[in-house]
Amino acid sequence: MRTELSETEQHLLEKARSAALNAYAPYSNFRVGAVVQTELGEFSGCNVENASYGLCICAERNAVFAAVAAGARRVLTAAVSCIDASADMGTNGRMPCGACRQVLAEFMADDGVVIVDGAGVWKVSELLPSSFLLHSPD
Ligand SMILES: [Zn+2]
């Protein structure tokens, strides 16, 4: 994990913060935005909640699925921002959940970069070591 951001990483983080403004989070009031940089460009996502709680989906997965729906297959960098996270939540309250880590691992290289607003910059392999894969990573 590191804390310094490159200019490109800062740009992605700003886009993730903007995407969070579109979140539909009337139940948790915890807005999250994500952006993924792929071989076909950048795709944004936000969390979308539902009265049937099990149907809620995270910003990170929405961003990845939007990219895949547009034909992308390789996520190079991901950024996520929990704009409503309070200072007392610390780092853990800002990190991608386990499901999102698995989805990122499906489309990212082990050394792919995940920028977590207020928490640092991580490699996919740091977030999810020995991820479940049914194909050989390339
Ligand atoms: Zn998640």
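Residues numbered from 1 in each chain as written. Predicted model: local features only at pLDDT ≥ 70, side-chain atom pairs only at ≥ 80, totals over all residues. Heavy atoms only, no water.

Asks: Is there a simple way to explain the overall build of the protein chain in this structure?
Replies: A tally of helices and strands in the protein chain yields four helices and five strands. Its helices and strands in sequence order give the protein chain the pattern α-β-β-α-β-α-β-β-α, from N to C terminus. Taking 138 residues into account, the globule formula puts the C-alpha radius of gyration at 14 Å, and the protein chain, at 14 Å, falls close to it. When its C-alpha atoms are laid out on the principal axes, the protein chain stretches across 40 × 35 × 25 Å. Looking at the protein chain as a whole, 40% of its 138 residues qualify as buried. Looking at the protein chain alone, contacts between residues at least 24 apart form 61% of all its contacts between residues at least 6 apart. When the accessible area of the protein chain is evaluated, it comes to approximately 7,100 Å², of which 54% is carbon and sulfur surface. Separation of charge centres in the protein chain, based on 10 positive and 16 negative side chains, amounts to 2 Å. (Helix = DSSP H or I, 4+ residues; strand = E, 2+ residues; numbered from the N terminus. Rg over C-alpha atoms; globule rule 2.2 N^0.38 Å. Buried < 20%, exposed > 50% of the residue type's maximum accessible area, 1.4 Å probe, protein only. Contact = heavy atoms within 4.5 Å. Areas by Shrake-Rupley, 256 points an atom, 1.4 Å probe, with all protein chains shown as cover. Lys, Arg positive; Asp, Glu negative; His and termini not counted. Charge placed at Lys NZ, Arg CZ, Asp CG, Glu CD.)

Asks: Is there a simple way to explain the sheet that holds strand 1 (residues 32–38) in this structure?
Replies: Think of a sheet as strands paired side by side through backbone hydrogen bonds, with each pair either parallel or antiparallel. Taken together, five strands build an open sheet; the order of strands is 2-1-3-4-5 and the sheet is mixed. Edge positions in the sheet fall to strand 2 (41–46) and strand 5 (120–123), since each has one partner strand and no second. Recorded for the sheet is a direction-independent mean angle of 15° between the axes of neighbouring strands. Pairing of strand 3 (residues 75–82) with strand 4 (residues 113–116), which is carried by four bridges, proceeds in the parallel orientation. Within the sheet, the bridge partner assigned to V80 lies in strand 4 and is V116. Running over the sheet, helix 1 (residues 7–20) touches strand 1, strand 2, strand 3, strand 4 and strand 5 and is turned about 140° from strand 1. (Pairing = 2+ DSSP bridges. Axes fitted to C-alpha atoms, helices over the stretch in contact; angles between N-to-C directions.)

Asks: Mind showing me how you'd approach empty space enclosed by the protein here?
Replies: One water molecule sets the probe size; rolling that probe over the atoms shows where empty space is left. Taken as a whole and judged by the stated rule, the model has one cavity of 30 Å³ or more. When its volume is computed, the largest cavity comes out at roughly 30 Å³. Around the largest cavity, the lining residues are A34, V35, V36, E60, A78, A79, V80, L104 and V114. Elements supplying a minimum of two residues to the lining of the largest cavity: strand 1 and strand 3. Across the lining of the largest cavity, the residue classes tally to eight nonpolar, no polar and one charged. (1 Å grid on protein atoms, 1.4 Å probe; cavity = no way out; pocket = protein on both sides within 12 Å on 5 of 7 lines; lining within 4 Å. Points joined across faces, edges and corners; volume = space filled by probe spheres on them. Nonpolar A, V, L, I, M, F, W, Y, C, P; charged D, E, K, R; others polar.)

Asks: Which parts of the structure should I look at to understand the pairing of strand 1?
Replies: Every other side chain in a regular strand lies on the same face of the sheet, so the side chains alternate between the two faces. Where burial is concerned, most of strand 1 is hidden: six out of the seven residues are buried. Sheet analysis places strand 1 next to strand 2, joined by six bridges and oriented antiparallel. Across the sheet, residue Q37 finds its bridge partner in strand 2, namely E42. Here strand 1 hands over to strand 2 after two residues, the two strands then running antiparallel side by side.

Keep in mind these numbers describe shape, not what the thing actually does.
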